[in-house]
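Overview (structure and organization)
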Amino acid sequence: QFSSCEEPLYAYSSRYLSAGCGIWKPGRTVQVSLPKDITDIEGNTLREDVSFSFTIAPDSLPFELVDTTPRANDTVSIQYGSLSLWLRFSDYTPLNPNLRVSVVPDVQVSQIASLPSGPCKILHFRLTNLQVNARYEVHIPSSIRDTEGEELPHDYRFVFYTKP
């Protein structure tokens, strides 16, 4: 049982347990208690109750944009004037319906909800009203935050081209 976690634990092998209850926040201390009657997939039990705790360390990696599709300077085929834009980040970011990624010249930009819902490392946008044989510049604002509130270090911009 994880303290302040009402979701069940899932045992995937005889080596680890997993909890998906959002407890993994920096600075938070997690108390784990395993009763001696818990069994692994082979039916083995512990000799005695086991308890331990640990503290989640601060995030040591900067939040940044690590990849895009299309990539900078790609020439991409478009069908029916539309294209998927994928942004991959170094850390999880909550879905934000107010997020404004812009494209010049102006096209329709729609954020697509990701599956599973909730924080993700990849954001998906649909670009519509694109023209063939055109140059587009994508603007990604630094106001995008990870789940710990860290913003991107700067705005990102990249160019891609279209072809039939």
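Here, every reference points to the structure presented above.
None of these values were measured; they are calculated from a predicted model. (Residues numbered from 1 in each chain as written. Predicted model: local features only at pLDDT ≥ 70, side-chain atom pairs only at ≥ 80, totals over all residues. Heavy atoms only, no water.)

The next thing to look at is the nonpolar core. Counting 26 residues, the largest nonpolar core has Leu85, Leu87, Phe89, Val101, Val138, Ile140 and Phe160 as its most contacted members. Residue assignment for this core shows that the elements contributing at least two residues are strand E7 (82-93), strand E10 (120-128), strand E11 (135-140) and strand E12 (156-163). The residues touching Leu85, leaving out its near neighbours within four places in the chain, are Thr69, Pro70, Val101, Leu123, His124, Phe125, Leu127, Val138 and Phe158. (Core = buried A, V, L, I, M, F, W, Y, C linked by side-chain atoms within 4.5 Å. Buried < 20%, exposed > 50% of the residue type's maximum accessible area, 1.4 Å probe, protein only. Helix = DSSP H or I, 4+ residues; strand = E, 2+ residues; numbered from the N terminus. Contact = heavy atoms within 4.5 Å.)

The next point concerns the environment of Asp74. Note that Asp74 resides in the loop between strand E5 (65-69) and strand E6 (75-77). For Asp74, a relative accessible area of 30% corresponds to the partly exposed category. A C-alpha to C-alpha distance of 8.3 Å links Asp74 and Thr162, two positions 88 residues apart in sequence. Not counting chain neighbours up to four residues away, the residues in contact with Asp74 comprise Val159, Phe160 and Tyr161.

In this structure, the amide linkage connecting Thr69 to the following residue, Pro70, adopts the cis form with an omega of 0°. For Pro70, the location among the structural elements is in the loop between E5 and E6. Look at the link from Val104 to Pro105: it is a cis peptide, with omega at -5°. Relative to the assigned elements, Pro105 resides in the loop between strand E8 (102-104) and strand E9 (108-112). Its identity is not glycine, yet Asn73 carries a phi of approximately 70°, on the positive side. Position of Asn73 among the secondary structure elements: in the loop between E5 and E6. Using a relative accessible area of 54% as the deciding quantity, one classes Asn73 as exposed. A positive phi angle is found at Asn129, which is not glycine, with a value near 70°. With respect to the helices and strands, Asn129 occurs in the loop between E10 and E11. A residue is classified by how much of its surface remains accessible, and Asn129, at 54% relative accessible area, is exposed.

On inspection of all chains with the given rule, the structure shows three salt bridges. Across the pair Asp67 and Arg71 runs a salt bridge whose closest N-O atoms are separated by 2.9 Å. Note that Arg145 and Glu151 form a salt bridge whose closest N and O atoms lie 3.0 Å from each other. Taking relative accessible area as the criterion, Glu151 reaches 35% and is therefore assigned partly exposed. (Salt bridge = Lys/Arg side-chain N within 4 Å of Asp/Glu carboxyl O.)

Turning to the pairing of E12, a few remarks are in order. Where E6 lies against E12, three bridges are found, and the strand directions are parallel. Pairing of Thr75 across the sheet is with Tyr161, part of E12. Of the strand pairs in this sheet, E11 and E12 are connected by six bridges, and their pairing is antiparallel. Note that in E12 the partner of Ile140 across the bridge is Tyr156. (Pairing = 2+ DSSP bridges.)

Moving on, we get to the packing of aromatic side chains. How two aromatic rings sit relative to each other is given by the distance of their centres and the angle of their planes. What the rule picks out here adds up to three aromatic pairs. Ring centres of Phe52 and Phe54 lie 6.4 Å apart, and the angle between their planes is 25°; on these two criteria the pair is classed as stacked. With centroids separated by 5.5 Å and ring planes inclined at 25°, the aromatic side chains of Phe63 and Phe89 adopt a geometry described as stacked. Of the two residues, Phe63 is situated in the loop between strand E4 (50-55) and E5 and Phe89 in strand E7; the sequence distance between them amounts to 26 residues. In terms of burial, Phe63 and Phe89 fall into one category: buried. (Phe/Tyr/Trp six-rings, centres within 6.5 Å; stacked < 30°, edge-to-face > 60°.)

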